[in-house]
Amino acid sequence: MEQIVVVGSLNMDFAVEVKEMPEKGETILGKKVSLIPGGKGANQAYAVSRLGKKVQMIGAVGTDIFGDKLVGNLEKAGVGTEGICRVENRESGQAFVFVNEAGENSITVIQGANQDLTEARVDENEERIDRCDAVVIQLEVPVPTVVHTAQVARKKGKLVYLDPAPARPDLPDELFASVDIMKPNETELKILTGMEVSTGKEIILAAKSLLKKGVGAVIVTLGEKGCVLVTEKLVKEFPARKVNAVDTTAAGDSFTAGFLAAYEPDGEKREENLEEALLFAGKVSAIAVTRKGAQSSIPTLAEVMEEQKGED
Ligand code: RIB
């Protein structure tokens, strides 16, 4: 994919380092808090650009200092930010990200201006969508906007990629019907389908239920176990590289960006390309989890290539 449009969220992350996650009703002492640009949409756009592809972000931030910083960080990475609107009297999105010593996280998002990304605001950016090859969406902006974006992109013949996070059980059928590739993790797959996902077989059955709703291909990410690709023709597992994870924030976002940066769906080698892109995606996210924070953890193409040399 040469040109990508990301329609989605921008958040300022309050990354709180803790020894262990607090229990219900418990007060704990944290180690440190850092302010780091994040938001699933912005992380994905940032990562696509770091991996050397052209990307435009469509989103909404407030007129506050966080909005300046979030847009500024994307600009520094080379992301086109003209499609990000500034909403008066609204704070930019914020995320409270707890990360424990095992690198696991737990995130609460306050949507703020992300709620103001309306269908009309997406339509104002129609020309940007016209020029791209793929449109990427997530669920941190209003669902009607996500559905509208998917339908507009599908009508224009663009590849539609949905990262269904944060997952919800009530997504409308017309959304599934407009999605080419969906990338849930196990928990998200369970919420989306209402099905059990405790075994490999159950995961495949749940992914296939999404295919029945009209999704073209499902990539289920399995954390340190890698991912599984489920299409009408194929079920294939891709193991992950073993790394010492310090923070899994934006692991999924860097996976998405890696996949899209490497995927070339045209031509006879379509299936082969899909598999190569998944291997590359795994490499990008394996690096991201060895670093702290969201956008701060995302590698450049040169860094991914360097790492790859070490493996050969
Ligand atoms: O995927 C990680 C992101 O989720 C964080 O950056 C946080 O902002 C939330 O959107």
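Above this text you will find the structure in question.
Since we're looking at a predicted model, the values are computed, not measured. (Residues numbered from 1 in each chain as written. Predicted model: local features only at pLDDT ≥ 70, side-chain atom pairs only at ≥ 80, totals over all residues. Heavy atoms only, no water.)

**As for the overall build of the chain**
Just so we agree on the cut-off: Secondary structure elements are taken from DSSP: a helix is a run of H or I of four residues or more, a strand is a run of E of two residues or more, and numbering for both begins at the N terminus. Our radius of gyration looks at C-alpha atoms and nothing else; its globule reference is 2.2 Å times the residue count to the power 0.38. Summary of the burial criterion: residues with accessible area below 20% of their type's maximum are buried, those above 50% are exposed, and those between are partly exposed, where the area comes from a 1.4 Å probe applied to protein chains only. By definition, residues are in contact when any of their heavy atoms lie within 4.5 Å.
When helices and strands are counted, the chain shows 11 helices and 13 strands. Against the 2.2 N^0.38 benchmark of 20 Å for 312 residues, the chain shows a C-alpha radius of gyration of 18 Å, consistent with a compact globule. Its C-alpha atoms give the chain principal-axis dimensions of about 50 × 45 × 40 Å. Looking at the chain as a whole, 54% of its 312 residues are labelled buried. Expressed as a percentage of contacts within the chain between residues at least 6 apart in sequence, the contacts between residues at least 24 apart total 67%.

**Some points on the packing of aromatic side chains**
We apply this condition: Planes of paired rings set the category: under 30 degrees apart is stacked, over 60 is edge-to-face and the rest tilted, where pairs are Phe, Tyr or Trp rings (Trp by its six-membered ring) whose centres lie within 6.5 Å. We call a charge positioned above a ring when the Lys NZ or Arg CZ atom is no farther than 6 Å from the ring centre and deviates by at most 35 degrees from the ring normal.
On inspection of all chains with the given rule, the structure shows 4 aromatic pairs. On the numbers, 5.8 Å between centres and 75° between planes, the contact of phenylalanine 14 with phenylalanine 66 is edge-to-face. Of this pair, phenylalanine 14 sits in strand 2 (residues 11–17) while phenylalanine 66 sits in helix 2 (residues 65–76), placing them 52 residues apart in sequence. In this arrangement the basic side chain of lysine 213 is found over the ring face of phenylalanine 176, its NZ or CZ atom lying 4.6 Å from the centre.

**Notes on the nonpolar core**
Our working definition: Among buried residues, the Ala, Val, Leu, Ile, Met, Phe, Trp, Tyr and Cys ones that are joined through side-chain atoms within 4.5 Å form a nonpolar core.
Judged by nonpolar contacts, the single largest core of 47 residues is most densely connected at Ile4, Met57, Ile181, Phe259 and Leu260. By residue number, the principal contributor to this core is helix 10 (residues 270–288), which donates 7 residues. Residues contacting isoleucine 4, with those up to four places away along its chain left out, are Val48, Lys54, Val55, Gln56, Cys132, Ala134, Val136 and Leu260. Of all hydrophobic cores here, the second largest spans 41 residues; its members include Val87, Ala113, Ile129 and Val146.

**A few points about the packing of helix 10 against helix 11 (residues 301–311)**
Defined as follows: Only the contacting stretch of a helix is used when fitting its axis, a line to C-alpha atoms as for every element, and angles between N-to-C directions run 0 to 180 degrees. Working rule for angles: under 35 degrees goes down as roughly parallel, over 145 as roughly antiparallel, 65 to 115 as roughly perpendicular, anything else as oblique. Ten residue types, Ala, Val, Leu, Ile, Met, Phe, Trp, Tyr, Cys and Pro, are classed as nonpolar, four, Asp, Glu, Lys and Arg, as charged, and the remainder, Gly among them, as polar.
At a closest axis distance of 10 Å, the pairing of helix 10 and helix 11 adopts a crossing angle of 100°. Classified by the angle their axes make, helix 10 and helix 11 are roughly perpendicular. In this structure, helix 10 uses Phe280, Lys283, Val284 and Ile287 to contact helix 11, whose residues at the interface are Leu301, Glu303, Val304, Glu307, Gln308 and Glu311. Tallied by class, the residues present in the contact of helix 10 with helix 11 amount to 5 nonpolar, 1 polar and 4 charged.

**Considerations on the site of the ligand**
Note the threshold: Nearness of a residue to a molecule or strand requires only that one of the residue's heavy atoms be within 4 Å of it. Definition of a polar contact: a pair of N or O atoms within 3.5 Å, with one able to donate and the other able to accept a hydrogen when the atoms are protein atoms, and with sequence-neighbouring residues admitted only if both atoms are side-chain atoms. Under the convention used here, a 1.4 Å probe and the Shrake-Rupley method define accessible areas, while residue burial counts only the protein chains that appear.
The ligand sits among 13 residues. The nearest are Asp13, Gly39, Lys40, Glu140 and Asp253. Side-chain polar atom of aspartate 13 to an oxygen atom of the ligand: 2.6 Å apart, as the coordinates give it. Between an oxygen atom of the ligand and a side-chain N or O atom of aspartate 253, the distance comes to 2.7 Å. Surface burial for the ligand is 96%, taken as the share of its 280 Å² of free accessible area covered by protein chains.

**A closer look at the environment of glycine 8**
Here glycine 8 shows up in the loop between strand 1 (3–7) and strand 2. Residue classification places glycine 8 among the buried residues on the basis of a relative accessible area of 0%. For the pair formed by glycine 8 and glycine 39, sequence separation is 31 residues and the distance between their alpha carbons is 8.2 Å. Once residues lying within four places of it in the same chain are set aside, the contact partners of glycine 8 are Gly41, Met57, Ile58, Gly59, Asn114, Leu117, Gln138 and Val141.

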